[in-house]
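Structural description and commentary
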Amino acid sequence: MELAKYNNLVPSDIIEGLDLPEHWRKIRFRHLFTFGRGLGITKANLKEDGVPCVNYGEIHSTCGFEVNPTIDQLKCVDEIYLETNKNSLLERGDFVFADTSEDLEGSGNFTYLNSDDETFAGYHTVIAKLHSDDNPRYLAYLFNSEVFRSQVRKKVSGVKVYSITQAILKSCYTWSPSLSEQKNIVTFLDKKSEKINDLITKNKKVLQKLAEQRLSAISEVITEGLDKNVEFKSVDGGFLGNIPKHWTTRRLKFHATEQLKYGANEAAELTDKDLPRYIRITDVKPDGSLHEHTFRSLEENIAEPYLLEPGDILLARSGATVGKSFIYDSSWGKSAYAGYLIRFRTNPNSILAEFAYYYLNSSPYWANINSTLIQATIQNFSAEKYANILMPEPPLSEQVEIIEYLKKKLNSIDEMAEKVSTAIDQLKAYQAALVNSAVTGQIDLRKTEFCNGN
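The rules behind each value
For every chain, the first residue of the written sequence is number 1, and numbering continues from 1 along that sequence. In keeping with the predicted nature of the model, local features appear solely for residues at pLDDT of at least 70, side-chain atom pairs appear and are counted solely at 80 or more, and the whole-chain, interface and lining totals rest on all residues. The side-chain numbers reported here are obtained from all heavy atoms of the structure, hydrogens and water having been left aside. Here, strands pair whenever DSSP counts at least two bridges between them. Under the DSSP-based scheme used, a helix requires at least four consecutive residues in state H or I and a strand at least two consecutive residues in state E, with every element numbered from the N terminus. Residue exposure (1.4 Å probe, protein chains only): buried if accessible area is under 20% of the type maximum, exposed if over 50%, otherwise partly exposed. N or O atoms closer than or at 3.5 Å make up a polar contact, with two conditions inside protein: a donor-capable atom paired with an acceptor-capable one, and, for residues adjacent in sequence, both atoms drawn from side chains. The contact rule is simple, with two residues in contact once any of their heavy atoms fall within 4.5 Å. To obtain an axis, a line is fitted to C-alpha atoms, over the contacting stretch when the element is a helix, and the angle between two such axes runs from 0 to 180 degrees between their N-to-C directions. What we call a nonpolar core is a set of buried Ala, Val, Leu, Ile, Met, Phe, Trp, Tyr and Cys residues that are connected through their side-chain atoms within 4.5 Å.

Attention now goes to the sheet that holds strand β23 (residues 325-327). What the four strands build is an open sheet, ordered β20-β25-β22-β23; its pairing is antiparallel. Of all the strands in the sheet, the pair left with one neighbour each is β20 (261-262) and β23. Relative to β23, strand β22 (residues 312-316) runs antiparallel, the two sharing three bridges. Its bridge partner lying in β23, Leu314 is registered against Phe326.

A few words now on the side chain of Arg345. Along the chain, the position of Arg345 falls in strand β25 (residues 341-345). The exposure class assigned to Arg345 is buried, which follows from its relative accessible area of 11%. Of the polar contacts made by the side chain of Arg345, one reaches the side chain of Asp312; its length is 2.8 Å. Every residue in contact with Arg345, bar those within four places of it in the chain, is listed here: His255, Ala256, Thr257, Glu258, Leu307, Leu308, Glu309 and Asp312.

Taken together, five strands build an open sheet; the order of strands is β4-β13-β9-β11-β6 and the sheet is mixed. The sheet is open, and its two borders are formed by β4 (33-37) and β6 (65-67), each paired with just one other strand. Adjacent strand axes in the sheet meet at a mean angle of 30° when their direction is disregarded. As judged from the three bridges shared by strand β9 (residues 95-98) and strand β11 (residues 110-113), these two strands associate in the antiparallel manner. Each residue of the ladder has a partner; that of Val96, found in β11, is Thr111.

If you look at the biggest cluster of nonpolar residues, it comprises 111 residues, and the most contacted ones within it are Phe95, Phe143 and Trp175. It is helix α11 (residues 396-438) that provides the largest number of residues to this core, a total of twelve residues. Setting aside residues no more than four positions away along its own chain, Phe143 makes contact with Phe29, Phe33, Phe95, Phe97, Phe110, Phe148, Arg149 and Thr174. The next biggest cluster of nonpolar side chains, apart from the first, holds 22 residues, and it includes Val67, Leu74, Tyr81 and Ala121.

Dropping the structure here:
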């Protein structure tokens, strides 16, 4: 059944181009909420038992939109905080916004507590406690809409990371229909989202299995080679284990033609297709191609020191993506890279770029990364640490053979992964469109029979 729009849509006068039902209330964020801060802690304060605590990392990854400690796996803090930091304790319906984001798209990410369990807001968070009688779940859908978040993205500031302050949130506009309409919108979106999320979850499980198969295939040959009948030797350090006796090892910095280089400290604002593309970690899809909807560019003179060449590998240095790597593809066109990425310019006389890239996607590499991460509020892996990673170095002829073997081995896995990733993106886009339509009156849900989720 195709649902009609509200018949009384008028210009909202709060966001250019936004029409809203005439009877909906428009009010700034500051008039609906009181504000607080999360606990001033670090990862070192987190433990397995105690009072659940939602930190900025969970908001950006596993617990966006809503959190329930009974269902979601949260780290905990000591119960002493119940006495010393009551202001950071959440109640059902409270909102928690991440106060930093590595990219513009994540600016405005939040969760709301959908539970009566004692739960703390943790590090790098802003607490917003609702003091109106609005339906918190309706507001959660509103805050998750592209049209609302566009306000936040226009106001945030930052270069390497974007800062989301109380002042930014307070200045944003919200809009609300009657409580009965809010209830109908929530019912409709809950039922639609349940079906969509179920499909997304199933696809993510398939994607995870494909990723495991890919990791296994790479790890099997990247340190042992293709000929299992050769003599092996043990390597101390670097998690390399046993490698063929005729192979050598060198630290990553000795495979580079220049020092590892951090990217441009510039905001991702321009969208001029005639300028060099500005690559951020969130731009790159699993198959190495780039998302079109995230396109940003840099002025030529700013981009010039950071332009990428064939054989360049980009390494993520902080946050949830730390350790991830991508190899430059000429299909990207003229491109520079952002400040939270590090450029590794490979020396083809000692290591081929594709071989290095495969190693940077292997189990020994990830074991090395995970063992040396700085346990701070934001995980970080510096250029110096990357430079000292120990890498296997087979003869160049063997590197070619391993590259060709892995290309064939991984081709079907990568093709399937791309199809699954595309399906997930399409489901998310459909869900986002439904949310936008429902919270802006593009779907009239006042008749309860429209809320059956069909």
